[in-house]
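Structural overview
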Amino acid sequence: TQSTRPQRLLSAVQKNATRGNPRSVVRAIDEFCRHKEWAMNVGDEKGCILDSIVSEVNPVTVLELGTYCGYSTVRIASLLPPNAKLITLEFNPDFAAIARQVIAWAGLQDKVQLVEGSSGDWIPKIQEQFGINTFDLVFLDHWKDRYLPDTKLMEKCGLLRKGSVLVADNVICPGTPDYLEYVRSSPCYKSQYFISHLEYTKAEDGLEKSVFLG
Ligand SMILES: Cn1cnc(CNC(=O)c2cc(-c3ccc(F)cc3)cc(O)c2O)c1
Ligand SMILES: [Mg+2]
């Protein structure tokens, strides 16, 4: 039977990256996507911007919406302090199965909790299920039409506190116009656009960093 692109991406990690070395896993995926097959990882250019924001926030609790193959999960988790926890939600079970193996290859499984299911179902249950009150950092990289409803849901569930930082991928391509309008016009957020390119291409894209003001 034919392999899928996520399966071929995982094979490239297992072939080219060193177990327990997150940087080599990130490099192996970027090489695969640049030279073999494009895939919708945040990529190295936006990834470096994400790294700088994660390092600045130094979060103890992180929520990632949209795991895909675990590329940004590995980038973020590799920068976290020892006691920190990253919860990543993935709707697609095939992506989740690949991501678990990528995260394990990087040796980061103890910092990461991958949850399969829809963000809309899971966001209201996170506090009771995982003993987390609020998130220091949220990385939005799932279905683009879910960024705004899920942000409003996180507000409603009290998952954001004064100073919580939201980082949103793809705000230009494919684009998240309703989300951008909201975080840029709402008095509850201080937003900043980091211009970049769509992963592995010359097309414009960028990350929007939004600080919740409470
Ligand atoms: C199926 N599915 C499971 N998760 C998701 C959520 N992610 C995306 O949709 C996504 C899409 C693109 C993209 C695709 C085609 C294109 F021409 C240009 C951009 C880039 C990204 O960085 C993304 O995060 C989709
Ligand atoms: Mg993305």
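Residues numbered from 1 in each chain as written. Chains lettered and ligands numbered in written order. Predicted model: local features only at pLDDT ≥ 70, side-chain atom pairs only at ≥ 80, totals over all residues. Heavy atoms only, no water.

Let's talk about the sheet that holds strand E3 (residues 112–116)
For clarity, the cut-off: Each pair of strands is called paired provided DSSP finds at least two bridges between the two strands. Numbering goes from the N terminus for both helices and strands, where a helix is a DSSP run of H or I of at least four residues and a strand is a run of E of at least two. To get an axis, fit a line to the C-alpha atoms, keeping to the stretch in contact for a helix; angles then go from 0 to 180 degrees between the N-to-C directions. For this analysis, residues touch if any pair of their heavy atoms sits within 4.5 Å.
The 7 strands are arranged E3-E2-E1-E4-E5-E7-E6 in an open sheet whose pairing can be described as mixed. Each having just a single partner strand, E3 and strand E6 (189–197) make up the two edges of the open sheet. Neighbour-to-neighbour, the strand axes of this sheet turn through a mean angle of 15 degrees, independent of strand direction. Summarising the sheet, E6 and strand E7 (residues 204–212) pair through 9 bridges and their orientation is antiparallel. When the bridges of E7 are listed, Ser196 appears paired with Asp205. Of the strands in this sheet, strand E4 (135–140), strand E5 (160–168), E6 and E7 are in contact with helix H3 (residues 43–57), which crosses E6 at around 150 degrees. This element, helix H5 (residues 93–105), spans strand E2 (85–90) and E3 of the sheet and lies at about 170 degrees to E3.

Quick notes on the coordination of the magnesium ion (ligand 2)
Reference geometry at the metal: tetrahedral coordination by four donors gives ideal angles of 109.5 degrees; octahedral coordination by six donors gives 90 or 180 degrees. The condition that has to hold: Atoms of type N, O and S within 2.8 Å of a metal are treated as its donors, and for Na, K and Ca the window is 3.2 Å; water is not considered, so some sites may appear to be missing partners. Note on classification: 1.4 Å probe, protein chains only; a residue is buried when its accessible area is under 20% of the maximum for its type, exposed when over 50%, partly exposed between these limits.
Protein coordination of the magnesium ion (ligand 2) is provided by Asp141 (OD), Asp169 (OD) and Asn170 (OD1), with donor distances spanning 2.0 to 2.2 Å. When the donors of the magnesium ion (ligand 2) are listed by position in the chain, the intervening gaps give D-x27-D-N. Separated by 29 residues along the polypeptide, Asp141 in the loop between E4 and helix H8 (147–156) and Asn170 in the loop between E5 and helix H9 (171–175) bring together distant segments of the chain. Looking at Asp141, the relative accessible area reads 14%, which means it is buried. Residue Asn170 is classed as buried on the basis of its relative accessible area, which comes to 4%.

Considering helix H10 (residues 177–185)
Along an α-helix, residues three or four apart share an orientation, since each turn contains 3.6 residues. Note the following rule: For this quantity, the arc is that covered by the directions from the helix axis to the C-beta atoms.
Looking at H10, one finds that the buried residues are Tyr179, Leu180, Tyr182 and Val183. One side of H10 carries all its buried residues, which in axial view fall inside an arc of 165 degrees. The exposed set on the far side of H10, more than 90 degrees from its buried face, consists of Pro177 and Glu181. Contact partners of the buried residues in H10: E4, H8, E5, H9, E6 and E7.

Some details on the side chain of Thr176
Positionally, Thr176 belongs in the loop between H9 and H10. Given the relative accessible area of 1%, Thr176 is considered buried. The residues touching Thr176, leaving out its near neighbours within four places in the chain, are Lys144, Tyr147, Asn170 and Val171.

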